Amino acid sequence: MSDQTQTISLEATMPTATSKRQSHGLSDALSGWLMSLPLALILFFFLLLPILTIVIVSFWGATEYSIYPAFQFDNYEFLLTSPVTYQVFLNTIKYAVIAWAATLLIGFTIAYFLAFHVRSLVWQIAFFLLCTIPFWTSNIIRMISWIPFLGRNGIANSTLMDLGIIDQPLEWLLYSDFAVILAFVHLYTLFMVVPIFNTMMRIDKSLLEAAYDNGATGFQTLTNVIIPLTKPGIMIGSIFVITLVMGDFITVRFMSGSQKANVGRLISNDIGLLQYPSACATAVILLITVLLVIAVMLRFVDIRKEL
Amino acid sequence: METRPRSFYFLAAFFILFLVFLYGPTITIAILSFQGPQGGLTFPMRGVSLHWFHELFQQQAVGDIWGSFARSFVLGLMVMVTTVVVSVMGGLAFRKRFPGSGVVFYLIITSLVIPSILISLGVGLIFSQSGLTVHWSTSGFGSQLTWTLPFGLLIMFAVFNRFDKSFEEAARDQGASAWQTIWHVVLPIIAPMLIGVALFGFTLSYDEFARTLLTAGSYNTLPLEIFGMTTNVTTPVIFALGTLTTGFSLVIIAVFLITVLVLNRRRARQGSDAGKGMV
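Turning our eyes to something else, we now look at the overall build of chain B. A count of helices and strands for chain B gives eleven helices and zero strands. Reading chain B from its N end, one meets helices and strands in the order α-α-α-α-α-α-α-α-α-α-α. For chain B, the C-alpha radius of gyration of 24 Å lies well beyond 19 Å, the compact-globule estimate for 279 residues. Principal axes of the C-alpha set define a box for chain B whose edges measure 75 × 65 × 40 Å. Burial status across chain B gives 39% buried among its 279 residues. At a minimum sequence separation of 6, the contacts of chain B that also span at least 24 residues come to 76%.

What follows covers the interface of chain A and chain B. Residue-level contacts link 69 residues of chain A with 71 residues of chain B. For the side of chain A that touches chain B, the element with the most residues is helix α1 (residues 2-57) of chain A, which contributes 20 residues. Tallied by class, the residues present in the side of chain A that touches chain B amount to 48 nonpolar, 18 polar and three charged.

A separate point is helix α8 (residues 177-201) of chain A. With 25 residues, α8 of chain A should cover 36 Å at 1.5 Å per step; its first-to-last C-alpha distance of 35 Å lies within 8% of that length. Burial analysis of α8 of chain A places 19 of its 25 residues in the buried class, which makes it a mostly covered element.

Residues and elements named next belong to chain B. For the pair helix α7 (residues 136-161) and helix α9 (residues 178-207), the least separation of the axes is 9 Å and the interaxial angle reads 160 degrees. By the angle class used here, α7 and α9 are roughly antiparallel. For the pair α7 and α9, the sense of crossing is right-handed. Where α7 abuts α9, its residues Q144, W147, T148, F151, G152, I155, M156 and V159 lie against I190, M193, G196, V197, F200, G201, L204 and S205. Its residues assigned to classes, the contact of α7 with α9 comprises ten nonpolar, six polar and no charged.

Glancing now at the environment of V301 of chain A. Residues and elements named next belong to chain A. Summarising the element assignment, V301 is placed in the loop between α13 (276-298) and α14 (303-306). In this structure, the C-alpha to C-alpha distance between V301 and P232, residues 69 residues apart in sequence, is 5.6 Å. Discounting chain neighbours no more than four positions away, the residues touching V301 are P232, M235, I236 and E306.

For the rest of this paragraph, the subject is the packing of α9 of chain B against helix α11 (residues 237-269) of chain B. Residue and element names in this part refer to chain B. Look at α9 against α11: their axes get within 9 Å of each other, and the N-to-C directions meet at 175 degrees. Overall, the two elements α9 and α11 adopt an arrangement that is roughly antiparallel. Judged by residue contacts, A191, P192, I195, A198, L199, F202 and T203 of α9 engage S249, I252, I253, F256, T259, V260, L263 and N264 from α11. When the residues that make up the contact of α9 with α11 are grouped by side-chain class, the tally is eleven nonpolar, four polar and no charged.

Calculation rules
Residues numbered from 1 in each chain as written. Chains lettered and ligands numbered in written order. Predicted model: local features only at pLDDT ≥ 70, side-chain atom pairs only at ≥ 80, totals over all residues. Helix = DSSP H or I, 4+ residues; strand = E, 2+ residues; numbered from the N terminus. Rg over C-alpha atoms; globule rule 2.2 N^0.38 Å. Buried ≥ 20, exposed ≤ 12 C-beta atoms within 10 Å, placed from the backbone. Contact = placed C-beta atoms within 7 Å. Nonpolar A, V, L, I, M, F, W, Y, C, P; charged D, E, K, R; others polar. Expected span 1.5 Å × (residues − 1). Axes fitted to C-alpha atoms, helices over the stretch in contact; angles between N-to-C directions. Parallel < 35°, antiparallel > 145°, perpendicular 65-115°, else oblique. Left-handed = near helix turned anticlockwise from the far one by under 90°.

Honestly, that's just the spatial picture; any functional story needs more than this.
The structure is reproduced here in structure tokens:
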């Protein structure tokens, strides 16, 4: 009985406190929703709705000139039974892996140099800006600018011939896998440098001194201290590069002179032929692939914590 | 100062090579755009002239590049303003977790990593199927926001993660309303970062290609126009155009960076009026 009265008296005092907290929580939620409403609307209309449309249209049918609503698996059946699809997906993954490895190696080295070997903050910022400025210029122009280098009579070939290293111009410089990868590395190394540099700058320098005092060589410090601590940056950079390369269609088209294919080009070719349902089916498969890759990579890093 | 380890010189050389790799091609086409009238797409230079820049003003030689430049510029400004406003609001909203914030966060990440051609294709289909006109200022504008907003928001999240809340508490203690606190305290403090967001918003829009490809409609933006030229123009006129737009981008970047620098200087000079009494 006395227990009960106690509970009742407790309950009598509690409500004011909880209701106050609740109303606070409600107004927080409300202001959160209101403030993020424009964002949510834009993402709904230009991200979610397009994805939904693509999924729906991927079941539609198409004639040579038009598309019509239907619910058929023809597009997927054709896609998944065609050997071309697997070849193209394999090629896409090949580009992604090579570009990822190259940008990671170069990006890490550059970030390492900026973070640990450049000693004044002003120079660090200046060099860092120098690395990021091309990001704010046109990718198309940056691709075009490889033509005078790699062409049959380009700078690379004429230099190599002048040096007597080769007798005939190399044909594989422009319009080849080599050119595609080169352009990827040229365009996207930045996406590795920035997050890796960002995490490196947050490493406590006394950890490096501790490693040094305990007799670690520079290389040991690198592999045992710096690389483990830089992992989040490496993961974020990798997510950028891999998704950009896997979703690309224009670099492959331009740098291979339309001779090589990846999934993005498969989609854009279908679009060119007005075969939207088939383009959508390929797009759905591509999106699933990319999201799976990202989901795996996000297991290794909490982006919200790294910002 | 202690002596530099040997690895420093190796890495410095690597860094210089990287910069050459990064800037070399752009500098090359800048030089080649001054080719003489008989010059081709590669060295040797056949004389030096402004011939190809002059060609840019001949409608029949290059098509409607000035119209597309104007469209890209206006679109860039529209995207810039929207990106800044929406990112700041989103950044403020995300300072407290609210129901659904996790979903919105993953949508932002999806917006960043989704292959651009999907946005182009999806938005294009929505507009054409629902009978709306595909136009750079509607469908193109929205598509570009899916690319610029994630950058703006991630910057804002990073800014607010480092934001010293005691400034706001001080303002609140002095009786400022929530709105006054944001307007007079928070926004001035984060102003240099907002310029950064604006820079991302404008330049990413100005150079955007894939997401605008199927959403620009019958009037091209500049990157689309330039890409069209690559298939049928085989003269250095395309280098001249490339040099000009890159130059324009560099000017824009410089303007933004100088603005940040000036803001920081002014802040350093008039940082605190503590002890100076009411001004």
